[in-house]
Amino acid sequence: MTRLVRTLRLGLEDLLEAELRTVAFEVAGEPSVEVTLEHEPGAVVDLGLEGPAGWRGWSGGARRTFVVGPGAATPGYVPGALERGEWHVQLGLYRLPAEPIDVRVTIELPASSAVPPEPPGDPRPSAPRASARGLPAGDGLTWFAGDLHAHSTHSDGEQSLGELAALAVGNGLDFLAVTEHNTVSHHPLLAGVGAAHGITLLPGQEVTTARGHANAFGDIGWVDFREPPDRWVAGVAERGGVLSINHPLQEEWAWQHPLAALPDALELWHVSWFQQPRATAPWTLLSRWRDDVTLLGGSDYHHPRHGYLPGTPVTWVAAEENSPEGILDGIRAGRTTITRLPTPDAPALVRLGDDLVALAADGTVLADTCGRRRMIHGDRVVLPAERAGHGPYRLESPAGEVLAITR
């Protein structure tokens, strides 16, 4: 066994100089590797791995150790044979004190630890699927209910893919996008886990930097977060995926990157908005965004301590079928709407041809982006386009809380 220890002395000045550091090591035929990170409390250092043939995974600040071997790897990392040559432990300097501290990386070749299997997730009592509500849709289309932002143990979530899928099924969702930070280690597993729990799991990744996050949807390979965001936009489009700017107004994770061209989608309704349901900043942002943007919502689910389930809020997609490609086709076409909850009595707002249809919305207020507002009377109200105003639109409670959004 080879055991290498590398100690870096790092502080705030190092972080300001460059947010990434690498520790190189050689692989000369060993079957596996184990990496352990140690540092003093008060710092946050992200952890990842890159081999000669490309990116092998990222666990951010969620883990201090990982194993990569030919048949198994710690969640967040891609299993497979280790290529001979120079490898690099990736260190993301997220938070460091002004006074430098020791950051120690230990590399073992081969690994001394085994990778435990992931919990499969106990089947939960299925809630009625939200799509059974039968929201009015165009010919050949069905409105499927899902969540486009969630995490498992493959990044900084605390539940396995199976456990996450079981929660989504228990909340009546038809699909769930699993969007892990800077890794696609979960992509090969999604079809099997989804089939076991009876839910469509959509491949995603949250391209994550200190200046903003974006979700890339589709089985399109890894998106390099180290490249300028304009390349994310172009590269995801070239590969047939969809890119969405995440939680653009959320505290320290708001979007700050300049972009030459805005992507097709925007996570306008992030779960953090529930803490300020009467906030007007999202509408200000939307008025300065591209008119044809596809609006998405996401729970950003990580663990049960949130106090909510995946599907808070719900993104509905009008699609021909409930498959990863079918859902992506609906998103590409802009056929989305967002509701606060997946329940049949939750107010909803959908497009049907040129008309706008408000459902279960009696007593709510319809608002458009020009500031026009009108009361809704009745449980199914059809508004011709010429009377609806200028979209995107939203339904609000009489107290001004947002209940539904559509373009």
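Quantities reported herein were computed from a predicted structural model and do not represent experimental measurements.

## Quick look at the pairing of strand 18 (residues 348-352)
Two strands pair when backbone bridges link them, and strand 18 and strand 19 (residues 355-359) are joined in this way by five bridges, in the antiparallel orientation. Each bridged residue has a counterpart across the sheet, and for Leu-349 the counterpart in strand 19 is Ala-358. Counting the residues between successive antiparallel strands, the hairpin from strand 18 to strand 19 contains two residues, one of them, Gly-353, with a positive phi of roughly 65 degrees.

## Let's talk about the environment of Val-382
Note that Val-382 resides in strand 22 (residues 380-383). Measuring from C-alpha to C-alpha, the distance between Val-382 and Ala-358 comes to 6.5 Å, with 24 residues separating the pair along the chain.

## As for the pairing of strand 10 (residues 175-181)
In terms of residue burial, strand 10 counts as a mostly covered element, since seven of its seven residues are buried. Burial along strand 10 is two-sided: Phe-175, Ala-177, Thr-179 and His-181 and Leu-176, Val-178 and Glu-180, pointing in opposite directions, are all buried. When strand 9 (residues 142-147) meets strand 10, the two strands line up parallel, connected through two bridges. Residue Gly-146 lies in a different strand from strand 10, and its bridge partner there is Phe-175. As for the winding sense of the linkage, the β-α-β connection from strand 10 through helix 3 (residues 190-197) to strand 11 (residues 200-209) is right-handed.

## Details of unusual backbone geometry
Of all residues except glycine, most have a negative phi; of all peptide bonds, most are trans. Here the residue pair Leu-109 and Pro-110 is connected by a cis peptide bond, since its omega of -5 degrees sits within 30 degrees of zero. Relative to the helices and strands, Pro-110 resides in the loop between strand 8 (101-109) and strand 9. Residues Thr-312 and Pro-313 are joined by a peptide bond in cis, for which omega reads 5 degrees. If you trace the backbone, Pro-313 turns up in the loop between strand 15 (294-298) and strand 16 (314-319). You will see that Asp-300, though not glycine, has its phi angle at about 55 degrees, which is positive.

## Let's talk about the packing of aromatic side chains
Geometrically, a pair of aromatic rings is defined through the distance of the ring centres and the angle of the planes. For the coordinates displayed, the defined rule picks out eleven aromatic pairs. For the pair Trp-55 and Trp-222, a centre-to-centre distance of 4.4 Å together with 5 degrees between the ring planes defines the contact as stacked. Of the two residues, Trp-55 sits in strand 5 (residues 54-60) while Trp-222 sits in the loop between strand 12 (212-217) and helix 4 (229-238), which places them 167 residues apart along the sequence. Trp-222 matches Trp-55 in its accessibility class, with the two residues each being buried. Feature note: the residues Trp-55, Trp-58, Trp-222 and Phe-225 constitute an aromatic cluster, connected by ring pairs. When the ring centre of Trp-283 is taken as reference, the NZ or CZ atom of Arg-394 above it lies at 4.1 Å.

## Describing the packing of helix 2 (residues 161-170) against helix 3
Each pair of packed helices can be described by the angle between their axes along with the distance between the axes. Running from N to C, helix 2 and helix 3 point in directions that differ by 45 degrees, and their axes come no closer than 9 Å. By the angle between their directions, the pair helix 2 and helix 3 is classed as oblique. Viewed along their axes, helix 2 and helix 3 form a crossing whose handedness is right-handed. Contacts between helix 2 and helix 3 pair Leu-161, Gly-162, Ala-165, Ala-166 and Val-169 from the former with Leu-190, Val-193 and His-197 from the latter. Considering only residue class, the contact of helix 2 with helix 3 consists of six nonpolar, two polar and no charged.

## A short note on the environment of Phe-25
Here Phe-25 is to be found in strand 2 (residues 20-27). Here Phe-25 falls in the buried class, since its relative accessible area comes to 3%. Apart from residues no more than four positions distant in its own chain, Phe-25 is found in contact with Leu-4, Val-33, Leu-49, Gly-85, Glu-86, Trp-87, His-88, Val-89, Ile-107 and Leu-109.

## Some thoughts on helix 2
Within helix 2, eight of the ten residues are buried, which leaves the element mostly enclosed by the surrounding structure. Restricting attention to buried positions, one finds in helix 2 the residues Leu-161, Gly-162, Leu-164, Ala-165, Ala-166, Leu-167, Ala-168 and Val-169. Looking at the packing, one finds that the buried side of helix 2 touches strand 10, helix 3 and strand 11. Once helix 2 ends, the next one or two residues include Gly-172, with phi positive near 85 degrees.

Rules behind the numbers
- Residues numbered from 1 in each chain as written.
- Predicted model: local features only at pLDDT ≥ 70, side-chain atom pairs only at ≥ 80, totals over all residues.
- Heavy atoms only, no water.
- Pairing = 2+ DSSP bridges.
- Helix = DSSP H or I, 4+ residues; strand = E, 2+ residues; numbered from the N terminus.
- Buried < 20%, exposed > 50% of the residue type's maximum accessible area, 1.4 Å probe, protein only.
- Right-handed = clockwise from strand over helix to strand, strands pointing away.
- Phe/Tyr/Trp six-rings, centres within 6.5 Å; stacked < 30°, edge-to-face > 60°.
- Lys NZ or Arg CZ within 6 Å of the ring centre and 35° of its normal.
- Axes fitted to C-alpha atoms, helices over the stretch in contact; angles between N-to-C directions.
- Parallel < 35°, antiparallel > 145°, perpendicular 65-115°, else oblique.
- Left-handed = near helix turned anticlockwise from the far one by under 90°.
- Contact = heavy atoms within 4.5 Å.
- Nonpolar A, V, L, I, M, F, W, Y, C, P; charged D, E, K, R; others polar.

No statement about biological role is implied by the geometric values presented.
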